[in-house]
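# Architecture and fold: a report
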Amino acid sequence: MLRDMTIGQYYPARSKIHDLDPRVKITAVLVYLVSLFLFRGFAGYALVTVFLVSAIVLSHVPFSYISKGLKPVLFLLCFTAVYHLFFTKGDAVFEWELFSGHTITVTWQGLKNGAFIVLRLIYLVIGSSLLTYTTTPTKLTDGIESLLKPLGKIGVPVHDLAMMMSLALRFIPILLEEANRIMKAQSARGASFEEGNILVRVRAITSILVPLLVSATRRSYDLALAMEARCYHGGKGRTKMKPLKYKGRDVRAYVVLVFYVAVIVLVNRLVPY
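Residue positions within a chain follow its written sequence, with the count starting from 1. Local features in this predicted model are restricted to residues whose pLDDT is 70 or higher, and side-chain atom pairs enter the listing and the counts only when it is 80 or higher, whereas totals over whole chains, interfaces and linings include all residues. Think of the side-chain values as coming from all heavy atoms in the structure, minus any hydrogens and water.

## Examining the overall build of the chain
- Summing up its helical and strand segments, the chain has 9 helices and 2 strands in all.
- Its helices and strands taken in sequence order, the chain reads α-α-α-α-β-β-α-α-α-α-α from the N to the C terminus.
- Here, two residues are considered to be in contact whenever any of their heavy atoms come within 4.5 Å of each other. Of the contacts formed within the chain by residues at least 6 apart in sequence, a portion of 73% connects residues at least 24 apart. Put simply, DSSP marks the helices as runs of H or I at least four residues long and the strands as runs of E at least two long, and each gets a number from the N terminus on.

## Quick word on helix 9 (residues 248–270)
- The terminal C-alpha atoms of helix 9 lie 33 Å apart, and with 23 residues this matches the ideal 33 Å at 1.5 Å per residue to within 8%.
- Only protein chains enter the calculation, and the probe is 1.4 Å; a residue is then buried if its accessible area is under 20% of its type maximum, exposed if over 50%, and partly exposed in between. What helix 9 keeps buried is the set Asp250, Ala253, Leu257, Tyr260, Ile264 and Val267.
- Here the buried face of helix 9 lies against helix 1 (22–35) and helix 2 (42–59). In this scheme, a helix's expected span is set at 1.5 Å multiplied by one less than its residue total.

## Focus: the pattern of salt bridges
- We define a salt bridge as a side-chain nitrogen of Lys or Arg found within 4 Å of a carboxyl oxygen belonging to Asp or Glu. For the structure shown, the criterion picks out 4 salt bridges.
- Arg181 is the salt-bridge partner of Glu178, the closest N and O atoms lying 2.5 Å from each other. Within this pair, Glu178 and its partner Arg181 are both found in helix 7 (residues 158–188), separated by 3 residues, close to a single helical turn.
- Here Glu178 ties to Arg219 by a salt bridge, and the two come within 3.4 Å at their closest N and O atoms. Taken together, the positions of Glu178 in helix 7 and Arg219 in helix 8 (residues 198–229) put the pair 41 residues apart, joining distant regions of the chain.
- Exposure remark for Arg219: the relative accessible area of 33% places this residue in the partly exposed category.
- Linked through salt bridges whose partners overlap, the residues forming this network are Glu177, Glu178, Arg181 and Arg219.

## What about the nonpolar core?
- Take the buried Ala, Val, Leu, Ile, Met, Phe, Trp, Tyr and Cys residues and link them wherever side-chain atoms come within 4.5 Å; each set so joined is a nonpolar core. Among the nonpolar cores identified, the biggest contains 24 residues, and Tyr32, Val48, Ile66, Ile122, Tyr123 and Ile126 are the most heavily contacted of them.
- For this core, the elements supplying multiple residues, two or more each, are helix 1, helix 2, helix 3 (63–68), helix 5 (108–133) and helix 9.
- Per-element tally for this core: the top contributor is helix 5, with 7 residues.
- Not counting the four nearest positions on each side in its chain, Ile66 is found in contact with Ile56, Val61, Ile126, Leu130 and Tyr133.
- Counting 6 residues, the second largest nonpolar core, distinct from the first, contains Ile26, Leu131, Leu140 and Ala162.

## Comments concerning the environment of Lys240
- In this structure, Lys240 sits in the loop between helix 8 and helix 9.
- For Lys240, a relative accessible area of 39% gives the class partly exposed.
- Once residues within four sequence positions are removed from consideration, Lys240 is found in contact with Asp142 and Glu145.

## Side note on the side chain of Arg120
- Structurally, Arg120 can be placed in helix 5.
- Arg120 sits in the buried class, given a relative accessible area of 16%.
- In contact with Arg120, other than residues within four places in its own chain, are Leu36, Phe37, Phe39 and Tyr45.

## Structural notes on a positive patch on the surface
- Taken together, Lys16, Lys139, Lys242, Lys247, Arg249 and Arg252 make up a surface patch of like positive charges.
- For Lys247, the position within the fold is in the loop between helix 8 and helix 9. Surface patches are drawn from residues lacking salt bridges whose relative accessible area is over 30%; two like charges belong together within 9 Å, two nonpolar side chains (Val, Leu, Ile, Met, Phe, Trp, Tyr) within 5 Å. Where accessible areas are quoted, they stem from the Shrake-Rupley method and a 1.4 Å probe; at the residue level, only the protein chains shown are allowed to cover. Positive charges come from Lys and Arg alone, negative charges from Asp and Glu alone, with His and the N- and C-terminal ends not counted. Note that the charge is assigned to NZ on lysines, CZ on arginines, CG on aspartates and CD on glutamates.

## Focus on the packing of helix 2 against helix 5
- Axis lines are fitted to C-alpha atoms, over the contacting stretch for helices. Their N-to-C directions set the angle, which ranges from 0 to 180 degrees. Viewed as axis vectors pointing N to C, helix 2 and helix 5 meet at an angle of 25°, and their least axial separation amounts to 11 Å. The orientation of helix 2 relative to helix 5 falls into the category roughly parallel. Two packed elements cross with a definite hand, and for helix 2 against helix 5 that hand is left-handed. Between helix 2, through Phe42, Tyr45, Val48, Thr49, Leu52, Ala55, Ile56 and Ser59, and helix 5, the contact on the second element is made entirely by Phe116, Ile117, Leu119, Arg120, Tyr123, Ile126, Gly127 and Leu130.
- The residue makeup of the contact of helix 2 with helix 5, split by class, is 12 nonpolar, 3 polar and 1 charged. Under this scheme an angle from 65 to 115 degrees is roughly perpendicular, one under 35 degrees roughly parallel, and one over 145 degrees roughly antiparallel; angles in between are oblique. Should the near helix be turned counterclockwise from the far one by less than a right angle, the crossing is left-handed, whereas a clockwise turn marks it as right-handed. Asp, Glu, Lys and Arg are counted as charged, while Ala, Val, Leu, Ile, Met, Phe, Trp, Tyr, Cys and Pro are counted as nonpolar; the rest, among them Gly, fall into the polar class.

## Quick word on unusual backbone geometry
- Positive phi, normally seen in glycine, also occurs at His60, with a value near 65°.
- Tracing the backbone shows His60 in the loop between helix 2 and helix 3.

This is the structure in structure tokens:
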């Protein structure tokens, strides 16, 4: 499952989404995530689906690669669906009588709420992951720093925050690769991570977490030394070799984003359910 985690990884390709300014993509993802909570009916989901599918097609990122990122949250999706399916009160659709005299009831409201919540979680994961698939960590750092630049006037360390977020995203695939390497090494020594009850599996995972923590600490220490050796002292007085500049395609992307928000608000008012 660790190999299936694609969050934080960059997918190299030439596409219209890759060529957009990172500030446009960050703003679009934030607007998209907020829009998921603005509607309560299938019409809103249909509109969001069209927007998300269009972005995926334009990004040239294979859907098989995107779907791999959903595997780590598969348990959460199943748990959410089952919880809403059997524990939401309303009009009964099916009823099963157990031997103890209790009944399990599936309601129409449970089916609807479960479908809505699961779709919302799936769209959240895919939409937020699409940002890292199409944006390099360097550009992502520059975009976050540029968007948060007004906060620097009140003393917020904008550059440091952007750098920490970028390093965190960059370390995710590195740590996942390191975890896979440790798992293979422990399996070669006879360790088993798929057998036994939950307590046995948790105890077996500690043989991965301890060396992984040691490796992460060592990598962070080496990174700090490398930054100090290159005279890195934060963002004060620093210049950029390639400063961000808006282009015509970025302006058109903002126009599409405004149109998307307007349609979402209109659909939410005219078709609330």
